[in-house]
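# Geometric and topological summary
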Amino acid sequence: MTTDVNHAVSTSVSSRDTFLDCLKGFAIGTVVLGHTFQGATPDFDHSLPFRLIYSFHMPMFMFIAGMTASLSFSKRLNTTPDLPSYLSEIKSKALRLVVPFMTWAIIKYFLVHPAGYDPATWLLHMLQVPDEGLWFLWALFQCSCVLALASMAVQYFYYSLTATSSSGRNNPAELYLLLILAWPIANASFRALPSDLGLGMAKAFFPYFFAGFIFHIIRPAGLPNTLRWIPYVIFVALAPFWYRTEVSPVAQLFPNPGSANLEFQRIVAVAGTLALVDFARLFTDNAPAVLTRAVAYCGKRSLDIYAIHFFFLPYFPPVIAPIVASLGVSVILRTNPVTSWLCLGQKPMKIWPMNRYRLSQGPAGLTNNAVAMPKE
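Scope of this entry: the structure provided in the associated data block.

About the criteria used
Residues numbered from 1 in each chain as written. Predicted model: local features only at pLDDT ≥ 70, side-chain atom pairs only at ≥ 80, totals over all residues. Heavy atoms only, no water. Helix = DSSP H or I, 4+ residues; strand = E, 2+ residues; numbered from the N terminus. Expected span 1.5 Å × (residues − 1). Bend = angle between axes of the 7 residues up to and from the residue. Buried < 20%, exposed > 50% of the residue type's maximum accessible area, 1.4 Å probe, protein only. Axes fitted to C-alpha atoms, helices over the stretch in contact; angles between N-to-C directions. Parallel < 35°, antiparallel > 145°, perpendicular 65-115°, else oblique. Left-handed = near helix turned anticlockwise from the far one by under 90°. Contact = heavy atoms within 4.5 Å. Nonpolar A, V, L, I, M, F, W, Y, C, P; charged D, E, K, R; others polar. 1 Å grid on protein atoms, 1.4 Å probe; cavity = no way out; pocket = protein on both sides within 12 Å on 5 of 7 lines; lining within 4 Å. Points joined across faces, edges and corners; volume = space filled by probe spheres on them. Salt bridge = Lys/Arg side-chain N within 4 Å of Asp/Glu carboxyl O. Patch = residues over 30% accessible without salt bridge, like charges linked within 9 Å, V, L, I, M, F, W, Y side chains within 5 Å. Areas by Shrake-Rupley, 256 points an atom, 1.4 Å probe, with all protein chains shown as cover.

Attention shifts here to helix α9 (residues 199–218). Here α9 is 20 residues long and its end C-alpha atoms lie 28 Å apart, about the 28 Å a rise of 1.5 Å per residue gives. Where α9 bends most, at Phe-205, the angle is about 45 degrees, and the proline Pro-207 comes one to four residues later. The buried fraction of α9 amounts to 16 of the 20 residues, a majority that puts the element mostly inside the structure.

Structure, rendered in structure tokens:
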């Protein structure tokens, strides 16, 4: 059956929705929760709450980033492949991700004063060992660059198939097949690159990133009702046996425990990710509006919370205080053009700018201006 692929992906394009924002809100909540558990005990690797969160929360964050990346791809899908548009998107990603990564690395330098480094060599060190800083931003940028190449190739081949189609209509099955084929090719190409400049971490998380990209295009409404319960069962059954630095007891049951442990960790990560994606959808559809707005707002500010919450982890109440304090600092940073661009990679907010003519225009002027709301 041949249908217009615009209909097949319309949900993913139009629903920059509360769902995606809520999903990112829950995701950043798990990050703060994981770091809270990590600081609660020196032996956090054997703490069950820590292991449950860490078993999936960063793969899930990459998966969500891939879901978000699918939106721009879907918008340009039926247009002529255009290299400048992809380069422009990479430039935007660099501003959004790399600039804050480097800014917070410099901030850490002046706070910690690491021995043997000056600011320039410290930045180079952070690029090589990004997990000493906001590594997710650097890894996500690297994944985004590889995805841009893969997306451009998929778009080119799909556009060629559409141009030669006798029906003149798009076939979603062709797109889905191209995406599925592109996944192992892009992943293998990425792994062939050297692991310098932190690429090792990006390689480890790229499969989750690309999986989220494909998932939100093929299944924008989530798993079918008949399957959506499966990730919950798998995660609940296996996650308690996940360990960050040790081989899982489950993996030790197999002839090659090391390889089995890697597969076990992937299964748990995927199950936890799909379970949270489904939970976020249920929450968005059924929770009171005030709760969805609060979680969605955290999702919109997930980068801000990720960058700032470390400074407030000791504060009480746990999790809530770091998130609230991070949002407060975020507002301060976002109201200044310099700090907004450097720390958060965003245009500055305009908080109730005063119209200089407002007081001089009298009642009529006030009436005309009453409906003008500032845009962020």
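Between helix α2 (residues 18–40) and helix α4 (residues 57–76), the shortest axis-to-axis distance is 10 Å and the interhelical angle comes to 155 degrees. In this view, α2 runs roughly antiparallel relative to α4, as classed from their interaxial angle. Of the two elements, α2 crosses α4, and the hand of that crossing is left-handed. Facing α2, whose interface residues are Phe-19, Leu-20, Leu-23, Lys-24, Ala-27, Ile-28, Thr-30 and Val-31, α4 presents His-57, Met-58, Met-60, Phe-61, Ile-64, Met-67, Thr-68 and Leu-71. A breakdown of the residues in the contact of α2 with α4 according to their chemical character gives 12 nonpolar, 3 polar and 1 charged.

Right, let's get into empty space enclosed by the protein. By the definition in use, this model includes 1 cavity of 30 Å³ or more. Of the volumes computed, that of the largest cavity is approximately 100 Å³. For the largest cavity, the lining is made up of 14 residues, of which Ala-69, Glu-89, Ser-144, Leu-147 and Ala-148 are closest to its centre. When residues of the lining of the largest cavity are traced back to their parent elements, those giving at least two are α4, α5 (83–112), α7 (135–163) and α9. Here the residues of the lining of the largest cavity are counted per class, giving 8 nonpolar, 3 polar and 3 charged.

Let us now look at the pattern of salt bridges. What the rule picks out here adds up to 6 salt bridges. One salt bridge connects Asp-21 with Lys-24, and the closest N-O pair in it is separated by 3.9 Å. With Asp-21 and Lys-24 both in helix α2 and 3 residues apart, this pair spans about one turn of that helix. The buried category is assigned to Asp-21, whose relative accessible area is 3%. On the basis of relative accessible area, Lys-24 is assigned to the buried category, the value being 15%. As a salt-bridge pair, Glu-89 and Arg-76 come within 3.1 Å of each other at their nearest N and O atoms. One end of the pair, Glu-89, is in helix α5; the other, Arg-76, is in helix α4, with 13 residues separating them in the sequence. Given a relative accessible area of 23%, Glu-89 falls into the partly exposed group. Overall, the relative accessible area of 13% leaves Arg-76 in the buried class.

Two packed helices can be described by the angle between their axes and the distance between those axes. Remark: helix α8 (residues 172–191) packs on α9, axes separated minimally by 10 Å, with the N-to-C direction vectors making an angle of 175 degrees. The orientation of α8 with respect to α9, classified from their angle, is roughly antiparallel. Residues Leu-175, Tyr-176, Leu-179, Ala-182, Trp-183, Ala-186, Asn-187, Phe-190 and Arg-191 of α8 form the contact with α9, whose participating residues are Leu-199, Ala-202, Lys-203, Ala-204, Phe-206, Pro-207, Phe-210, Ala-211, Phe-213, Ile-214, Ile-217 and Ile-218. Here the contact of α8 with α9 is composed, by residue class, of 18 nonpolar, 1 polar and 2 charged.

On the surface, Leu-227, Trp-229, Ile-230, Val-233, Ile-234 and Ile-267 cluster together into a nonpolar patch covering about 510 Å² of accessible area. You can see Ile-230 is positioned in helix α10 (residues 230–238).

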